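The chain contents come next:
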Amino acid sequence: MQGRTVRRVSLVLAAATALTGVTACTSQDSSDGPGKDDRAAHGRSVEALRSAERATRRAASARVESTTTMGSLMSMTADGTLGWGDGITGTLTITYTGGTLADTMRRLGSTSMEARYLPDAYYARMGEKFAEQTGGRHWIRYAYEDLALAGGSGAHLGDQMRTTTPNQSVKLLLASGDVRKVGEESVRGRPATHYSGTVAAADVTDAALKKQLTAAGVTSETVDVWIDERNLLVKKVEKARMTTGRMTQTAHYGDYGVRVRAQRPPLSDTGDFEDLMRKRAGTS
């Protein structure tokens, strides 16, 4: 029973990567070479996105609403607040709406869970059936440095969780060689400027980012962002081809500067991911 529980928890852990998106960097150039007007337009887009990245990073917190689909593995929604002024903090409500993970969570007693981000660890509140298998504990703690115990994907997730901030999507788009301004559009009734670009994993030159892509099984990705009149990211859409299928994530950001609370769950009600993995391996 314990082994099956750990395997299920590991699935939930893997699914959490969808909250972060995947990062990539490429300096891909067109073989035909851009014309003078194209270079000028590209330069203006890059400068605008650099301003947006700085403004979004300085805002330090925001309300987040997202939907994510990862092939047949899962579809999910997330809603809550995140802060990134001094490490990641925040609380999200995650609901699995379809796929293998929704079935797994249903067997564990609930398709919805609360996720809390603190600078040193990520906490997930599971259902009552999960607690029955873990000595009455409802929460599972994932210390970022311990995620390497889950293998390459766990290490990837640990890195991603610590950098899951809105400005990362803008930085990702800045890394795209074909970033371009699409036009002026409305996002939830407010004017915003739409930018788009494509990242090809084969063209990534940054070693750390290439490693992250390899762990996630990403071959290519498109990124679209919408920037408002305050230079803040208000929407992003990321689409990636992965070895496990196609990943699509749409996120809306608002209420920048919101106060963020994320309390550490009671120790008596918390199980540690590292301990679960050790028990699975039979080392304790």
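Please refer to the structure higher up on the page.
Going along each chain's sequence as written, the residues are numbered from 1 onward. Two thresholds apply to this predicted model, a pLDDT of at least 70 for residue-level local features and 80 or more for giving and counting side-chain atom pairs, whereas whole-chain, interface and lining totals are computed over all residues. To obtain the side-chain values, all non-hydrogen atoms of the structure were used and water was disregarded.

## Here we look at the environment of S75
Numbered from the N terminus, helices here are DSSP runs of H or I no shorter than four residues, and strands are runs of E no shorter than two. Mapped onto the fold, S75 is located in strand 2 (residues 74-83). Between the alpha carbons of S75 and G99 there is a distance of 6.1 Å; along the sequence they are 24 residues apart. Contacts are assigned to residue pairs that have any heavy atoms within 4.5 Å of one another. Sequence-distant contacts of S75, defined by excluding residues within four places in its chain, comprise T68, T69, T95, Y96, T97 and G98.

## Quick notes on the nonpolar core
Core analysis: the biggest nonpolar cluster contains 49 residues, and I94, Y96 and Y122 have the highest contact counts within it. Think of a nonpolar core as a cluster: buried Ala, Val, Leu, Ile, Met, Phe, Trp, Tyr and Cys residues, connected wherever their side-chain atoms sit within 4.5 Å. Buried means the residue's accessible area, taken with a 1.4 Å probe over protein chains only, is under 20% of the maximum for its type, while exposed means over 50%, and partly exposed covers the values in between. One finds V187, A192, V234 and V237 within the second-largest nonpolar core, a separate group that totals five residues.

## Notes on the pairing of strand 1 (residues 61-70)
Only when DSSP finds a minimum of two bridges between them are two strands counted as paired. Two strands pair when backbone bridges link them, and strand 1 and strand 2 are joined in this way by ten bridges, in the antiparallel orientation. Within strand 2, the position partnered with T67 by the bridge is T77. Linkage of strand 1 to strand 2, two consecutive antiparallel strands, is achieved through a turn of three residues, within which G71 is found at a positive phi near 50°. As paired strands, strand 1 and strand 11 (residues 245-254) are joined by eight bridges and run antiparallel to one another. Within strand 11, the position partnered with R63 by the bridge is G254.

## Here we look at the pattern of salt bridges
The rule for a salt bridge is simple: a side-chain nitrogen of Lys or Arg has to be within 4 Å of a carboxyl oxygen of Asp or Glu. For the structure shown, the criterion picks out twelve salt bridges. Note that E65 and R188 form a salt bridge whose closest N and O atoms lie 3.3 Å from each other. Of this pair, E65 sits in strand 1 while R188 sits in the loop between strand 7 (180-187) and strand 8 (190-200), and the two are 123 residues apart along the sequence. Because the salt bridges share partners, they merge into one network encompassing D120, R141, R264 and D272.

## Focus on the pairing of strand 6 (residues 139-143)
Within strand 6, five of the five residues are buried, which leaves the element mostly enclosed by the surrounding structure. Alternating positions in strand 6 separate into two faces, W139, R141 and A143 on one and I140 and Y142 on the other, with burial throughout. Here five bridges tie strand 5 (residues 121-125) to strand 6, and the two strands are oriented antiparallel to one another. Each residue of the ladder has a partner; that of A121, found in strand 6, is A143. The pairing of strand 6 with strand 12 (residues 270-272) spans three bridges and is classified as parallel. Each residue of the ladder has a partner; that of R141, found in strand 12, is D272.

## Concerning the packing of aromatic side chains
For any pair of aromatic rings, geometry is given as the distance between the ring centres together with the angle between the planes. Aromatic rings from Phe, Tyr and Trp, taking only the six-membered ring of Trp, are treated as a pair when their centres fall within 6.5 Å; an angle between ring planes under 30 degrees marks them as stacked, one over 60 as edge-to-face, and anything in between as tilted. The tally for this structure, following the rule as stated, stands at three aromatic pairs. With 6.5 Å between their ring centres and 85° between their planes, W84 and Y256 make a pair best called edge-to-face. In this pair, W84 sits in the loop between strand 2 and strand 3 (89-98) while Y256 sits in the loop between strand 11 and strand 12, placing the two residues 172 residues apart along the sequence. Since its relative accessible area comes to 10%, W84 is described here as buried. Using a relative accessible area of 15% as the deciding quantity, one classes Y256 as buried. Seen from their ring centres, Y122 and Y142 are 5.5 Å apart, and the 25° between their planes marks the pair as stacked. Here the residue Y122 occupies a position in strand 5, and Y142 occupies one in strand 6, the gap between them amounting to 20 residues. Classification of Y122 as buried rests on a relative accessible area of 1%. When its relative accessible area of 1% is taken as the criterion, Y142 is described as buried. Ring pairing ties together the aromatic residues Y117, Y122 and Y142, which thus form one cluster. One Lys or Arg, K235, reaches over the ring of W226 and ends 4.5 Å from the middle of that ring. We count a charge as sitting over a ring when the NZ of a lysine or the CZ of an arginine lies within 6 Å of the ring centre and within 35 degrees of the ring normal.

## Digging into unusual backbone geometry
One non-glycine residue with positive phi stands out, namely R188, at about 55°. Look at N231: it is not a glycine, yet its phi comes out positive at around 70°. Summarising the element assignment, N231 is placed in the loop between strand 9 (218-228) and strand 10 (233-242).

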